[in-house]
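Fold and geometry: a report
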Amino acid sequence: ASGKGAGVGKASGKGAGVGKDGGGECVVLSTIHSAKGLEWPHVFILSAVEGRLPFYLSQNDDDLLEEERRLMYVAVTRAKDSLLVSSPRWVMAGDIEPERARPSRFLSAPPKRKAASGSSRARRAVSARKR
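As the structure is a prediction and not an experimental result, all values here were calculated from the model.

1. Focus on the overall build of the chain
Broken down by element type, the chain carries two helices and six strands. Across the chain, helices and strands are ordered from the amino to the carboxyl terminus as β-β-β-α-β-β-β-α. Buried positions account for 35% of the 131 residues belonging to the chain.

In structure tokens:
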């Protein structure tokens, strides 16, 4: 899976890097996989379009598609204060002409399973999306 995303600000959690000197704010570019267990004040999920999120190879496999959905959940729940999800109108597919992009199905489809009712991270993610 491609799993693109970025966090801005001081990261919190095990393995959170905040610059060479260990202090100050910075921009962290991260895959969704490597962001597990970390949080940032502001999170940007880039290029949330069909073929990238979910990754095109998972579209005909229910198990892989469910894993991509879990990755999207991980990405959304990294945000402490704000979440921005981008979905470009056009994408390049190799060296061919740009093609019209379709927003990711995960932006409109409800998850198949409910988040744990006591999950503060899930509540923050929902709150961040409403802003």
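From this point, things continue past the structure.
2. Observations concerning the confidence of the model for the chain
Of all residues in the chain, 64% attain a pLDDT of 70 or more, and the chain-wide mean is 74. Here residues 8-21 is a poorly scored stretch, pLDDT under 50, and it has 36 contacts once near neighbours within four places are set aside; other chains count. In this model residues 122-131 is a low-confidence stretch, pLDDT under 50, and it forms 17 contacts with partners more than four residues away in sequence or in other chains.

3. So, the nonpolar core
Counting residues in hydrophobic clusters, the biggest one holds 18 residues, and the most contacted among them are Ile32, Trp40, Val43, Ile45, Leu53, Met72 and Leu83. Among the elements of the structure, β3 (40-45), α1 (62-76) and β4 (79-85) are those that each provide at least two residues to this core. Here the element with the most residues in this core is α1; it accounts for six residues.

4. Comments concerning the side chain of Ser30
Relative to the helices and strands, Ser30 is located in strand β2 (residues 27-31). At a separation of 2.9 Å, a polar atom in the side chain of Ser30 contacts the side chain of Ser34.

5. Things to note about α1
Taking 1.5 Å of rise per residue, the 15 residues of α1 would be expected to cover 21 Å, and the 21 Å separating its terminal C-alpha atoms lies within 8% of that figure. Turning to α1, its buried residues are Leu65, Glu66, Glu68, Arg69, Leu71, Met72, Val74, Ala75 and Val76. Capping the start of α1 is the job of one residue whose side-chain oxygen sits 2.9 Å from the backbone nitrogen of Asp63: Asp61.

6. Observations concerning the environment of Gln59
As for its placement among the helices and strands, Gln59 is situated in the loop between β3 and α1. Owing to a relative accessible area of 25%, Gln59 belongs among the partly exposed residues under this scheme. Setting aside anything within four residues of it in sequence, one finds Gln59 in contact with Glu50, Gly51, Pro54 and Arg105.

Reading the values: the criteria
Residues numbered from 1 in each chain as written. Predicted model: local features only at pLDDT ≥ 70, side-chain atom pairs only at ≥ 80, totals over all residues. Heavy atoms only, no water. Helix = DSSP H or I, 4+ residues; strand = E, 2+ residues; numbered from the N terminus. Buried < 20%, exposed > 50% of the residue type's maximum accessible area, 1.4 Å probe, protein only. pLDDT = per-residue confidence, 0-100. Contact = heavy atoms within 4.5 Å. Core = buried A, V, L, I, M, F, W, Y, C linked by side-chain atoms within 4.5 Å. Polar contact = N/O pair within 3.5 Å; in protein donor to acceptor, adjacent residues only side chain to side chain. Expected span 1.5 Å × (residues − 1).

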